[in-house]
Amino acid sequence: MWRLRRAAVACKVCQSLVRHSSGIKGSLPLQKLHLVSRSIYHSHHPTLKLQRPQLRTSFQQFSSLTNLPLHKLKLSPIKYGYQPRRNFWPARLAARLLKLRYLILGSAVGGGYTAKKTFDQWKDMIPDLSDYKWIVPDIVWEIDEYIDFGHKLVSEVIGASGLLLLLGSPGETAFRATDHGSESDKHYKKGLLGELILLQQQIQEHEEEARRATGQYSTSYAQQKRKVSDKEKIDQLQEELLHTQLKYQRILERLEKENKELRKLVLQKDDKGIHHRKLKKSLIDMYSEVLDVLSDYDASYNTQDHLPRVVVVGDQSAGKTSVLEMIAQARIFPRGSGEMMTRSPVKVTLSEGPHHVALFKDSSREFDLTKEEDLAALRHEIELRMRKNVKEGCTVSPETISLNVKGPGLQRMVLVDLPGVINTVTSGMAPDTKETIFSISKAYMQNPNAIILCIQDGSVDAERSIVTDLVSQMDPHGRRTIFVLTKVDLAEKNVASPSRIQQIIEGKLFPMKALGYFAVVTGKGNSSESIEAIKEYEEEFFQNSKLLKTSMLKAHQVTTRNLSLAVSDCFWKMVRESVEQQADSFKATRFNLETEWKNNYPRLRELDRNELFEKAKNEILDEVISLSQVTPKHWEEILQQSLWERVSTHVIENIYLPAAQTMNSGTFNTTVDIKLKQWTDKQLPNKAVEVAWETLQEEFSRFMTEPKGKEHDDIFDKLKEAVKEESIKRHKWNDFAEDSLRVIQHNALEDRSISDKQQWDAAIYFMEEALQARLKDTENAIENMIGPDWKKRWLYWKNRTQEQCVHNETKNELEKMLKCNEEHPAYLASDEITTVRKNLESRGVEVDPSLIKDTWHQVYRRHFLKTALNHCNLCRRGFYYYQRHFVDSELECNDVVLFWRIQRMLAITANTLRQQLTNTEVRRLEKNVKEVLEDFAEDSEKKVKLLTGKRVQLAEDLKKVREIQEKLDAFIEALHQEK
């Protein structure tokens, strides 16, 4: 009888375990029941009256539900509605009970093996601490005396047959929860080992209660049947076993946390440089670098990026960002109420590290994710980068923001958060926003190795979803899609039929297919909630949810923790399957590019854009230095000539001509002094600085643009021109230069003392050149006014226009007037204009008084310049009279003295400007050039614009492909070592 009772209880325990296991619904085959159960429920038993409850089988999974109270398990008396046979049943029952010991022994051995295998894996994850014993606290080594990870712990567990059933059979798969959020043990010896022993005692108590229940059943079956129904007892047993499973999982998670705490200590000590060695780059960081290089690579040769990454897609406000934040364990993204916040793709690389920090690919600043001010700064920076990427007139941008997040317990993977899919373009959005979002999403999802994380809002009607159709188009067979239902807490409250949620999770409601289905809760909708508060709320919800208790949802399909584990497993599986194929494709691309370079540029080095820029930078700086090698004589000659060309018109027209109209030398000198003083005070210094600045520009341009012979590389021409223009634009002459120059020029013009005959002759030569140049200009002006003369008309068959004929008649009339009075003043009187007009009218020529004045101006100028040249010729022998101040002499050469003063002022000004150029301005220009080159070096767009051509692009592609291949090879090698 006692064997019969024990077999009955064991049978019932097996039923309840199988029934309450989470998994796929289905009837359990009779062959998988306990041996006693098969005999009791066999169809040939005529006395069987009780309807068996529907049994369920599943793969054993672990949930991340933690922090559950530890309840003592109690078994109520179990009642079975059957009458034992009296026809040879003792013999049959005894035969089966003899086999029970082998079943229990086999279960214990199999469960022990599974437990040993599990803890062996954990032990392998623990780093070799032989060199770090001085880091690890002594209490850890005390624990090792009681708990040997792999042998002693299994020996403690192997006695609990019920506990071994929770480990699962070898053929079943499981997502292992590695939650780091559980509280760390202060006393390892008492906490961990004590709970394991307590758990074993509880299971033994379950067995004892089951035996007592069997005895009570044989004596008081009728009375207990009236008190408690079979269904209630089964539900109670299911709940107690669920608590047992959760309690065991908490112990497993605690063990794993101890392992990672030790790893964290090691990493922290290495970060402080105790061993003075650099840690190897993590596997996920190496992979992320490959993706960063690929994102910058322009696939000019149809080399497609098919490397895996996790693409997060979903409808707007479906909870994509919240799910990603739960996986990253930090509130790192900007958020808004119903508005579009994700305006460009954000690539997030998750990796394990001792500190929870985030940093951008192009920045060295680390954001401490445990501090709220750093979190706010990170969210603000992400928002600024998104707005910067979005071009004017657009709402979203395809440019990717790369962010690395490190922290203890993070699952290693690369995720890309995409803008939410919308159905309608609202006010404030660009008209093409919807199409742009679709194109961005398709560009990422069409990668055959990308894992699609499809986010669906559970609080809204499933029929309103847009993203599911899009995902179905890109992955119709669901071979790389993981479906996530968010806001399940709201869905449970609002959905009238809970079976609808079950249909979604089982993939029966949507036409899309997926690898797995998950249900998560991402908080209560409060943006100020912390990750810890959201995790507690999520665990509390699923612990009390009817969806889980009624087996509509399975334990491994809930919580973001299980989701992150599943996504990480799929990600690395996809990486291992595809990365070598991608490396081979880049090897082929590299070979093609190298062959093309050898055929087109066999004698040139493969210089990419940055290397070419450095070469051009050195050439430009060498050319700037060449300015300092210009001789002082050359500077002064070009400065003096340029300054005279700038001021000669003013000197002749506004100073010399008005002064020459005076009747005596005193009035001439007074007029000259007044006009020179006015000119020096207002215009001359500014004109001189302008001339010097223009001369410096011309010399700088000459050095920059003149060919260098065979060494000249025209690929730098655009860059040099841009540097020259930007440097000149930034350069400003010293503000104090004009003030000092004004004093020097005023003193030079005050000097009237010509010391020797050589200076006198030089002044006369300078005056003749100036007057002859002005006379030549005047002759050209008169020729244009009156038309070609008789010789040109005869030789070149040219004719005068009617206006030119009028001007010619007027010129002839005015020349007659000048012949009559060669000392005529510079202006015509009114009666003279009337006389000329009447004389022309008498010959049938109608003229206007203004035409007469214009013609007179040119005719008188030519007459005056010719007279001045004749006087200049006479003054060649006038130096003797000048030394005697023209006393007792009819010859006065004050105009020669004027031109000597102008010539000396030009020489002194040129010398002063040359000193300013060589001592100050050339150095300042060199500094400006360096600043411009530094700015251009940081502006990649500017370099792309200024350094162009097939040669540059080919070198760029070749460098990128080599870099990608090298990083891929290093990653594959590290991946094989990790295996």
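The rules behind each value
Residues numbered from 1 in each chain as written. Predicted model: local features only at pLDDT ≥ 70, side-chain atom pairs only at ≥ 80, totals over all residues. Heavy atoms only, no water. UniProt positions renumbered as here; feature names shortened; annotations may be inferred. Helix = DSSP H or I, 4+ residues; strand = E, 2+ residues; numbered from the N terminus. Buried < 20%, exposed > 50% of the residue type's maximum accessible area, 1.4 Å probe, protein only. Contact = heavy atoms within 4.5 Å. Areas by Shrake-Rupley, 256 points an atom, 1.4 Å probe, with all protein chains shown as cover. Expected span 1.5 Å × (residues − 1). Disulfide = S-S within 2.5 Å. Pairing = 2+ DSSP bridges. Axes fitted to C-alpha atoms, helices over the stretch in contact; angles between N-to-C directions. Polar contact = N/O pair within 3.5 Å; in protein donor to acceptor, adjacent residues only side chain to side chain. pLDDT = per-residue confidence, 0-100. Salt bridge = Lys/Arg side-chain N within 4 Å of Asp/Glu carboxyl O. Parallel < 35°, antiparallel > 145°, perpendicular 65-115°, else oblique. Left-handed = near helix turned anticlockwise from the far one by under 90°. Nonpolar A, V, L, I, M, F, W, Y, C, P; charged D, E, K, R; others polar.

Per an unreviewed UniProt entry, the recorded name for the protein is Dynamin-like GTPase OPA1, mitochondrial, and the organism is Daubentonia madagascariensis. In the Catalytic activity (unreviewed entry) part of its UniProt record, the protein is described as follows: "GTP + H2O = GDP + phosphate + H(+)".

Visitor: Describe the overall build of the protein, and please don't skip the residues or the numbers.
Guide: In terms of regular secondary structure, the protein is built from 33 helices and nine strands. With 979 residues in all, the protein has 48% of them scored as buried. Considering only residue pairs separated by 6 or more positions, the protein has 82% of its internal contacts joining residues 24 or more positions apart. A total of about 50,500 Å² of accessible surface is found on the protein, and carbon and sulfur atoms cover 50% of it.

Visitor: Explain helix H25 (residues 757–786) residue by residue, including any values.
Guide: Taking 1.5 Å per residue, 30 residues should reach 44 Å; H25 reaches 43 Å between its end C-alpha atoms and fits that length. Immediately beyond the C-terminal end of H25, within one or two residues, lies Gly787, with a positive phi of roughly 90 degrees.

Visitor: An account of the state of the cysteines is requested, with residue identities and associated values reported.
Guide: Here the structure, examined in full by the defined rule, presents one disulfide. Shown here is the disulfide that connects Cys875 with Cys893, its sulfur atoms set 2.1 Å apart. Judged by the sign of its S-S torsion, about -100 degrees, the bond between Cys875 and Cys893 is left-handed. Taken as a pair, Cys875 in the loop between helix H29 (849–874) and helix H30 (879–883) and Cys893 in the loop between H30 and helix H31 (894–938) lie far apart in primary sequence, 18 residues in all. Relative accessible area serves as the criterion here: at 0%, Cys893 is assigned to the buried category. Note on Cys872: no disulfide assigned, nearest cysteine sulfur contributed by Cys875 at a separation of 6.6 Å.

Visitor: Any details on the sheet that holds strand S1 (residues 310–314)? Residues and values, ideally.
Guide: An order of S4-S3-S5-S2-S6-S1-S7-S8-S9 is seen for the nine strands of this open sheet, with the pairing classed as mixed. This sheet does not close on itself; its edge strands, each paired only once, are strand S4 (367–368) and strand S9 (516–519). Note that strand S8 (residues 481–486) and S9 share four bridges and pair parallel. By the bridge assignment, Phe483 is partnered in S9 with Tyr517. Sheet strands in contact with helix H13 (residues 467–474) are S1, strand S7 (451–457) and S8, and its direction is about 160 degrees off that of S7.

Visitor: Describe in detail unusual backbone geometry, supporting the description with residues and values.
Guide: Positive phi is not limited to glycine here, since Gln329 has a value of about 60 degrees. With respect to the secondary-structure elements, Gln329 resides in the loop between helix H10 (320–328) and strand S2 (346–352). Its identity as a non-glycine residue notwithstanding, Thr559 has a phi of 75 degrees, on the positive side. Among the structural elements, Thr559 can be located in the loop between helix H17 (546–549) and helix H18 (560–600).

Visitor: Give a description of the environment of Asp761 that names residues and reports values.
Guide: Note on placement: Asp761 falls in helix H25. Spatially, the C-alpha atom of Asp761 lies 9.3 Å from that of Val896, the residues being 135 residues apart in sequence. There is a polar contact of 2.7 Å between the side chain of Asp761 and the side chain of Lys757.

Visitor: Explain the confidence of the model for the protein to me, using residue names and the numbers behind them.
Guide: Confidence in the prediction for the protein averages 75 pLDDT; 69% of positions are at 70 or higher. The low-confidence segment residues 272–279, where pLDDT is below 50, has nine contacts with residues more than four positions distant or belonging to other chains.

Visitor: How would you summarise the environment of Ile504 if you had to cite specific residues and measurements?
Guide: Along the chain, the position of Ile504 falls in helix H15 (residues 499–505). Assessed through its relative accessible area of 8%, Ile504 is described here as buried. Sequence separation between Ile504 and Ala519 is 15 residues; the distance between their C-alpha atoms is 9.6 Å. Once residues lying within four places of it in the same chain are set aside, the contact partners of Ile504 are Phe483, Leu485, Leu509, Phe510 and Tyr517.

Visitor: How would you sum up the UniProt feature "coiled-coil region" (unreviewed entry) in the protein? Please name residues and give values.
Guide: UniProt annotation of "coiled-coil region" (unreviewed entry) refers to residues 189–272 and 915–942 when read in the numbering used here. Helix makes up 96% of residues 915–942 and strand 0%, whereas the separation of the span's terminal C-alpha atoms amounts to 36 Å.

Visitor: So, the pattern of salt bridges: which residues are in play, and what are the values?
Guide: Per the stated rule, a full pass over the model turns up 42 salt bridges. Notably, a salt bridge pairs Asp608 with Lys959, separated by 2.7 Å at the nearest N-O pair. Here Asp608 is found in the loop between H18 and helix H19 (609–627), whereas its partner Lys959 is found in helix H33 (residues 950–978), with 351 residues between them in sequence. Of the charged contacts in the structure, one is a salt bridge between Arg861 and Glu653, with a shortest N-O distance of 2.0 Å. A residue pair is termed long-range when its members are at least 10 positions apart, and Arg861 in helix H29 and Glu653 in helix H20 (residues 632–660) qualify at 208 residues. Three or more residues are tied together by salt bridges with common partners; here these are Arg590, Glu594, Glu606 and Arg962.

Visitor: Requested: an account of the packing of H25 against H29, with residues and values cited.
Guide: Following both chains from N to C, one finds H25 and H29 inclined at 155 degrees, their axes separated by 9 Å at the closest point. By the angle class used here, H25 and H29 are roughly antiparallel. You can see that H25 and H29 cross each other, and the crossing is left-handed. On the side of H25, the interface is formed by Ile764, Met767, Glu768, Leu771, Gln772, Arg774, Leu775, Thr778, Glu779, Ala781, Ile782 and Met785, while H29 contributes Asp854, Thr855, Gln858, Val859, Arg861, Arg862, Leu865, Lys866, Ala868, Leu869, Cys872 and Asn873. Grouping the amino acids of the contact of H25 with H29 by side-chain chemistry returns twelve nonpolar, five polar and seven charged.

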